[in-house]
Amino acid sequence: KAGVTQTPRYLIKTRGQQVTLSCSPISGHRSVSWYQQTPGQGLQFLFEYFSETQRNKGNFPGRFSGRQFSNSRSEMNVSTLELGDSALYLCASSLAGAWQETQYFGPGTRLLVL
Amino acid sequence: ILNVEQSPQSLHVQEGDSTNFTCSFPSSNFYALHWYRWETAKSPEALFVMTLNGDEKKKGRISATLNTKEGYSYLYIKGSQPEDSATYLCAMNTGNQFYFGTGTSLTVIP
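Residues numbered from 1 in each chain as written. Chains lettered and ligands numbered in written order. Predicted model: local features only at pLDDT ≥ 70, side-chain atom pairs only at ≥ 80, totals over all residues. Heavy atoms only, no water.

Novice: Can you help me understand the sheet that holds strand 3 (residues 19–24) of chain B in this one?
Specialist: Neighbouring strands of a sheet are bound in pairs by backbone hydrogen bonds; such pairs are parallel or else antiparallel. All names here are of chain B. The 5 strands are arranged 1-3-8-7-6 in an open sheet whose pairing can be described as antiparallel. Every other strand in the sheet has two partners, leaving strand 1 (5–7) and strand 6 (56–59) as the edge strands with one partner each. Each adjacent strand pair in this sheet contributes to an overall mean axis angle of 15°, direction not counted. In the sheet, strand 1 pairs with strand 3 via 3 bridges, with the strands oriented antiparallel. Among the inter-strand pairings, Ser7 is bridged to a residue of strand 3, identified as Thr22. (Pairing = 2+ DSSP bridges. Helix = DSSP H or I, 4+ residues; strand = E, 2+ residues; numbered from the N terminus. Axes fitted to C-alpha atoms, helices over the stretch in contact; angles between N-to-C directions.)

What follows is the structure, encoded as structure tokens:
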């Protein structure tokens, strides 16, 4: 079974631009969660999508948004990029997003904002 | 904001040594505790999911215990090998989201 894939793997943008990251979950998984990791910080939860609906949201500004398609693929968008948005963005998928389910992570997208 | 803490932050051990790390979390709103291993340039890999007070899980030389009443989990590695070198993350699930610790970085010296 193919794992979770994320594209692109690396990205350089400038302040004020916007960016879209993509995540393809494991086949059959309907829950996709997004995380941000910045130096010195643990993984911070952004949001979770299940069946094309945002089900849970972390404590991030509205510049961070996402969506999920009918095939469970998910995209994350960051508008008006700031220097502090430079980070590793990880997505994780699971069957239904239940709290006791194992999450499977993708390799991440490393975003650098100049 | 919920605080999950891991200690130590980093650890260097000799090959063959046994070691353990701690994950501390608030007992309220606890649903599950997940452990992950994250090797450099790879994706985090799930190790254990634990839900009940007193749970013990084992996978090869790695085991974990859970105390939900006092809010901690221990991860043990017996007879460390160089391939065990990685960052070990714990994450608490509150029913609707995960809160991750900052990890313990383990280096096993051959």
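Novice: When you look at the packing of aromatic side chains in this model, what are you seeing that I'm missing?
Specialist: Each aromatic ring pair is specified by the distance between its two centres and by the angle formed by the two planes. All told, the structure shown has 14 aromatic pairs over all chains when counted by the stated rule. Ring geometry for Tyr72 of chain B against Tyr74 of chain B: centres 4.9 Å apart, planes inclined by 40°, an arrangement best described as tilted. Relative accessible area serves as the criterion here: at 28%, Tyr74 of chain B is assigned to the partly exposed category. By way of ring pairs, the aromatic residues Tyr35, Phe45 and Phe105 of chain A together with Tyr36, Phe98 and Phe100 of chain B are connected into one cluster. For Arg55 of chain A, the ring lying beneath its charged end belongs to Phe50 of chain A, and the centroid distance is 4.3 Å. (Phe/Tyr/Trp six-rings, centres within 6.5 Å; stacked < 30°, edge-to-face > 60°. Buried < 20%, exposed > 50% of the residue type's maximum accessible area, 1.4 Å probe, protein only. Lys NZ or Arg CZ within 6 Å of the ring centre and 35° of its normal.)

Novice: Help me out: how do you make sense of the interface of chain B and chain A in this one?
Specialist: Often, the extent of an interface is quoted as the loss of accessible area upon association of its parts. With 20 residues of chain B in contact, the opposing surface of chain A contributes 21 residues. When the buried area of chain B at its contact with chain A is split by residue, Trp38, Phe98 and Phe100 of chain B rank highest and sum to 28% of it. At the boundary of chain B with chain A, the tally comes to 0 salt bridges. For the pair chain B and chain A, the interface holds 4 residue pairs in polar contact (both at pLDDT 80 or more). Looking at the side of chain B that touches chain A, the elements with two or more residues in it are strand 4 (32–38), strand 5 (45–50), strand 9 (86–93) and strand 10 (98–100) of chain B. It is strand 4 of chain B that contributes the most residues to the side of chain B that touches chain A, 4 residues altogether. Tallied by class, the residues present in the side of chain B that touches chain A amount to 11 nonpolar, 9 polar and no charged. (Contact = heavy atoms within 4.5 Å. Buried area = accessible area lost by both parts, 1.4 Å probe. Salt bridge = Lys/Arg side-chain N within 4 Å of Asp/Glu carboxyl O. Polar contact = N/O pair within 3.5 Å; in protein donor to acceptor, adjacent residues only side chain to side chain. Nonpolar A, V, L, I, M, F, W, Y, C, P; charged D, E, K, R; others polar.)

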